[in-house]
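Letter by letter, the chains look like this.
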Amino acid sequence: MKRYLDCSASDLANISKDDLIYAIRASEGRILVSEAIAVTQPLLNNVTNAELAASQGADILLLNLFDVNQPHIAGLPADVPPEEAIRELQRLTGRVIGVNLEAVDPAFATTHNEFWQMTAGRAATAENARKLYELGARMVVLTGNPNNGVSNQAIAEALKHIRDEVGDKLVLVTGKMHGAGIVRESGSQLITEQDIALFIENGADIVLLPAPGTIPGMSQEKVAALIAFTQQQGALAMTAIGTSQEGADVQTLRQIALMSKMAGADLHHIGDTGYLGLALPENIFAYSVAIRGVRHTYTRIARSVNR
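Residues numbered from 1 in each chain as written. Predicted model: local features only at pLDDT ≥ 70, side-chain atom pairs only at ≥ 80, totals over all residues. Heavy atoms only, no water.

J.: Explain the packing of helix 6 (residues 152–166) against helix 7 (residues 193–201) here, please?
T.: Packed helices, taken two at a time, are described by the angle between their axes plus the distance between the axes. Viewed as axis vectors pointing N to C, helix 6 and helix 7 meet at an angle of 15°, and their least axial separation amounts to 9 Å. Here helix 7 runs roughly parallel to helix 6, going by the angle between their axes. In the crossing of helix 6 with helix 7, the sense of the turn from one axis to the other is right-handed. On helix 7, the residues touching N152, Q153, I155, A156, L159 and R163 of helix 6 are D195, L198, F199 and E201. Per-class residue counts for the contact of helix 6 with helix 7 are five nonpolar, two polar and three charged. (Axes fitted to C-alpha atoms, helices over the stretch in contact; angles between N-to-C directions. Helix = DSSP H or I, 4+ residues; strand = E, 2+ residues; numbered from the N terminus. Parallel < 35°, antiparallel > 145°, perpendicular 65-115°, else oblique. Left-handed = near helix turned anticlockwise from the far one by under 90°. Contact = heavy atoms within 4.5 Å. Nonpolar A, V, L, I, M, F, W, Y, C, P; charged D, E, K, R; others polar.)

So, in structure tokens, the structure goes:
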């Protein structure tokens, strides 16, 4: 039973769900989750975006647009079998790997040809969650990409099925970083206490909330109240930057980091679209330093994956 801050690769390789939640909680708001798009050309060509995020201090690596039916992480060595992609990424980085799934609401589903268009292997189903566990993921985030029509109600319903299937094995995270194609669930109405209560009732271990300053109306005070409600119900809270501000200047990222910490975040998420695929690397580093200083940042960066 260690703080995540103190965990080495060997501690995280086969960590149980309960120990992982304890490790996060015991780290007292100093855990950074960096999201990376699995399928885009990596910024560093033959190095995955997730590895680059790890090099800047990220503790948990979250994959977006990862399709369980066509497993692929761009930048991995060419000889890695698809079914070993997540496990190989964990071996290379020494980090816990999470994956996004999307709960599309039939009432708001749209057909579009944008980069984020849905595929069956990214849907928030119990079968896909089971496949992710078998592929090596240890965290699933139920959320939505732009224009895909993901509602809080659909997330809650999908969560219940996933909890029944793999709730004892995977850390379950739920919430939205932006409207995800539903205008009425945007701005200050993006998520309510009623949504949070339903998420937790249906099995959420961690509730995802927009970081202060990333969504219109989501002030530090409003986010703090939602986090307090979440924690009172026994769940953890993760603030998220999902509005491309991961590509803003370093000063802005430091401000968001400190507001999120003052609001009470247990985990801090930074998004995947500084340029397409990953937050600006310097912003990952700056966020890490802002929430825990250089000691823990350098320790995470320097600790060998062979430990």
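Having seen the model, we can carry on.
J.: Would you mind showing me how to read the side chain of N202 here?
T.: Here N202 shows up in the loop between helix 7 and strand 6 (206–210). Since its relative accessible area comes to 10%, N202 is described here as buried. Of the polar contacts made by the side chain of N202, one reaches the backbone oxygen of A156; its length is 2.8 Å. With residues near it in sequence (within four places) discarded, N202 still touches A156, E157, L159, K160 and R163. (Buried < 20%, exposed > 50% of the residue type's maximum accessible area, 1.4 Å probe, protein only. Polar contact = N/O pair within 3.5 Å; in protein donor to acceptor, adjacent residues only side chain to side chain.)

J.: Would you explain the pattern of salt bridges in this entry?
T.: Under the counting rule described, the total for this entry stands at 13 salt bridges. D6 is the salt-bridge partner of R3, the closest N and O atoms lying 2.8 Å from each other. The partner of E84 in a salt bridge is R87, and the shortest N-O contact between them spans 3.1 Å. E84 sits in the partly exposed class, given a relative accessible area of 30%. Looking at R87, the relative accessible area reads 32%, which means it is partly exposed. (Salt bridge = Lys/Arg side-chain N within 4 Å of Asp/Glu carboxyl O.)

J.: Would you mind showing me how to read the pairing of strand 7 (residues 236–241) here?
T.: On a regular strand, each side chain points to the face opposite its neighbour's, so the side chains alternate between the two faces of the sheet. With respect to burial, strand 7 is a largely interior element, six of its six residues being buried. Bridge count for strand 6 against strand 7 is five bridges, and the pairing is parallel. Bridge pairing in strand 7 links P210 to A240. Bridging between strand 7 and strand 8 (residues 267–270) involves four bridges; their strand directions are parallel. Residue pairing across strands places A240 opposite H269, the latter belonging to strand 8. Each parallel crossover has a hand, and for strand 7 linked through helix 9 (residues 250–263) to strand 8 it is right-handed. (Pairing = 2+ DSSP bridges. Right-handed = clockwise from strand over helix to strand, strands pointing away.)

J.: So what exactly am I meant to see when it comes to a nonpolar patch on the surface here?
T.: On the surface, L43, L44, V47 and Y275 cluster together into a nonpolar patch covering about 380 Å² of accessible area. Positionally, L43 belongs in the loop between strand 1 (31–37) and helix 3 (49–55). Among the residues examined, L43 registers a relative accessible area of 38% and is labelled partly exposed. (Patch = residues over 30% accessible without salt bridge, like charges linked within 9 Å, V, L, I, M, F, W, Y side chains within 5 Å. Areas by Shrake-Rupley, 256 points an atom, 1.4 Å probe, with all protein chains shown as cover.)

J.: Looking at this model, I keep getting lost on helix 10 (residues 281–302). Mind explaining?
T.: Working note: α-helix, 3.6 residues per turn, so residues spaced by three or four point in the same direction. Its 22 residues give helix 10 an end-to-end C-alpha distance of only 16 Å, which falls more than 12% under 32 Å, the value for a rise of 1.5 Å per residue. Taken as a whole, helix 10 carries its principal kink of about 125° at G293. Those residues of helix 10 that sit buried are P281, N283, I284, A286, Y287, S288, I291, R292, H296, T297 and R300. (Expected span 1.5 Å × (residues − 1). Bend = angle between axes of the 7 residues up to and from the residue.)

J.: Can you walk me through the environment of R300 in this structure?
T.: Its location among the elements puts R300 in helix 10. R300 sits 204 residues away from V96 along the chain, and the two C-alpha atoms are 13 Å apart. Reaching out from R300, the side chain makes a polar contact with the backbone oxygen of C7 at a distance of 3.1 Å.

J.: Any chance you could explain the sheet that holds strand 8 here in plain terms?
T.: Sheets are built from strands that pair by backbone hydrogen bonding, the pairs being arranged parallel or antiparallel. The parallel closed barrel is built from eight strands, whose spatial order is 1-2-3-4-5-6-7-8. Pairs of neighbouring strands in the sheet enclose a mean axial angle of 25°, with direction left out of account. With five bridges joining them, strand 1 and strand 2 (residues 60–64) adopt parallel strand pairing. Of the residues in strand 2, the one forming a bridge with E35 is L62.

J.: Looking at this structure, I do not really get the side chain of T48. What am I missing?
T.: As for its placement among the helices and strands, T48 is situated in the loop between strand 1 and helix 3. Take T48: its relative accessible area is 1%, and that puts it in the buried class. For T48, the side chain forms a polar contact with the side chain of E51, separated by 2.9 Å.

J.: Please clarify how the environment of R295 should be interpreted in this entry.
T.: Among the structural elements, R295 can be located in helix 10. As for R295 and K17, which are separated by 278 residues in sequence, their C-alpha atoms are 27 Å apart. At a separation of 3.2 Å, a polar atom in the side chain of R295 contacts the side chain of H296.

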